[in-house]
Amino acid sequence: MSIFKELKKIYFIGAILSIVLGIVLLFFPQTTLLTICYAFAFILAIVGVGYIFTYIKSDTLKTYQRNDFVVGLTYLVLAIFVSLKTELIISLLPVLLGLAIIISSIVKLQHAFDLMRVKFSNWWSILLIAISSAAIGLYLVIHPFSAAATMVRVIGIAAIWNGIADIGTGILFLKKIKEAIQVTEAIDSEAKELD
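The present account deals with the structure reproduced in this document. What you see is a predicted model, and the numbers here were worked out from it, not measured in a lab.

What counts as what
- Residues numbered from 1 in each chain as written.
- Predicted model: local features only at pLDDT ≥ 70, side-chain atom pairs only at ≥ 80, totals over all residues.
- Heavy atoms only, no water.
- Phe/Tyr/Trp six-rings, centres within 6.5 Å; stacked < 30°, edge-to-face > 60°.
- Helix = DSSP H or I, 4+ residues; strand = E, 2+ residues; numbered from the N terminus.
- Buried < 20%, exposed > 50% of the residue type's maximum accessible area, 1.4 Å probe, protein only.
- Salt bridge = Lys/Arg side-chain N within 4 Å of Asp/Glu carboxyl O.
- Axes fitted to C-alpha atoms, helices over the stretch in contact; angles between N-to-C directions.
- Parallel < 35°, antiparallel > 145°, perpendicular 65-115°, else oblique.
- Left-handed = near helix turned anticlockwise from the far one by under 90°.
- Contact = heavy atoms within 4.5 Å.
- Expected span 1.5 Å × (residues − 1).
- Arc of directions from axis to C-beta.
- 1 Å grid on protein atoms, 1.4 Å probe; cavity = no way out; pocket = protein on both sides within 12 Å on 5 of 7 lines; lining within 4 Å.
- Points joined across faces, edges and corners; volume = space filled by probe spheres on them.
- Nonpolar A, V, L, I, M, F, W, Y, C, P; charged D, E, K, R; others polar.

Here's the deal with the packing of aromatic side chains
All told, the structure shown has two aromatic pairs when counted by the stated rule. Ring geometry for Tyr51 versus Tyr75: centroids 5.8 Å apart, planes at 10 degrees, classification stacked. In this pair, Tyr51 is assigned in helix α2 (residues 29-57) and Tyr75 in helix α3 (residues 68-84), connecting sequence segments 24 residues apart. Classification of Tyr75 by relative accessible area gives partly exposed; the value is 27%. Geometrically, the ring pair formed by Tyr55 and Phe69 is tilted, given 5.3 Å between the ring centres and 45 degrees between the ring planes. Of this pair, Tyr55 sits in helix α2 while Phe69 sits in helix α3; the two residues are 14 residues apart in sequence, bridging distant segments of the chain.

Structural data, given as C-alpha cells:
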C-alpha cells in the first residue's frame, strides 16, 4: 500500500502545481512571462560566468582540450539573447505547453483503456477528459497567439483544466486500483485460510 500512497501523492502534487501555475498565468500574464524570461537569462549568465571563472582558475596545460571559456561565452550570449528577445521566447511557450498537455492526454488515454479492460463502468469519462485535453494541447500547438497577455491567459486556463482533469482522472483511476488491491488481498487471505 505504500507504493499506492506514493503514486497518489506524486499524481496529485503535479495536478495541484498545474492549477497553481495556471492561476498565476491567468491573473499575472505579462509580469509572469517577463519574470520567467529574465530569471532564465540570469541563470544562463551565472552558469556562463562560472565556466569562464573555471577556465581562468584552471591550469592551461591540464584543461587544454576543455572548452570552458567557449562554453561560458556561449551561455553569456544566450543570456543576452533571452533578455533582449523576451517576445520570441514568450511566443514559444504555447507550443511547449501544448506538447506537455498532449503527452499528459496520452497518459489519460491509456488510463481510460486500462479501466475499460478491467470493466470499470465510467471509463468513458476519462476518455472524454483525455480527448478534450488533447484538443486544447493541439490548439495551443497549431495556433500560438501573437498577443502575449491573451496567449498566457489561455495557457493559464489550459494548465488549470489539465490540473483539474488530472485530479479527476487520478481519483477515478486510483480508486479502481485501490479496489483491485483490496480484492486481491481478500482472495489471498481466503486462499491462506483454505490452506
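Observations concerning the pattern of salt bridges
Under the definition given, this model contains one salt bridge. The partner of Asp166 in a salt bridge is Lys108, and the shortest N-O contact between them spans 2.8 Å. Highlighted residues: Asp166 in helix α6 (residues 148-194) and Lys108 in helix α4 (residues 86-117), separated in sequence by 58 residues.

Digging into the packing of α2 against α4
The N-to-C vectors of α2 and α4 enclose an angle of 110 degrees; their axes lie 10 Å apart at closest approach. Here α2 is positioned roughly perpendicular relative to α4, judged by the angle of their axes. At the point where α2 passes α4, the crossing takes the right-handed sense. On the side of α2, the interface is formed by Leu33, Leu34, Cys37 and Tyr38, while α4 contributes Thr86, Ile89, Ile90 and Leu93.

Digging into α3
With 17 residues, α3 should reach 24 Å at 1.5 Å per residue; the first-to-last C-alpha distance of 24 Å fits that figure. Taken together, the buried positions of α3 are occupied by Asp68, Gly72, Ala79 and Val82. Angularly, the buried residues of α3 cover 90 degrees about the axis, an arc narrow enough to put them on a single face. In this structure, α3 carries Val70, Val77, Ile80 and Leu84 as exposed residues pointing more than 90 degrees from its buried face. In this structure, the buried side of α3 is in contact with α2 and α4.

Describing the layout of surface pockets
The computed volume of the largest pocket comes to approximately 150 Å³. As for the largest pocket, its lining consists of Leu21, Leu25, Leu33, Ile36, Leu93, Leu96, Leu97, Val152 and Ile155. When residues of the lining of the largest pocket are traced back to their parent elements, those giving at least two are α1 (2-27), α2, α4 and α6. Class assignment for the residues of the lining of the largest pocket results in nine nonpolar, no polar and no charged.

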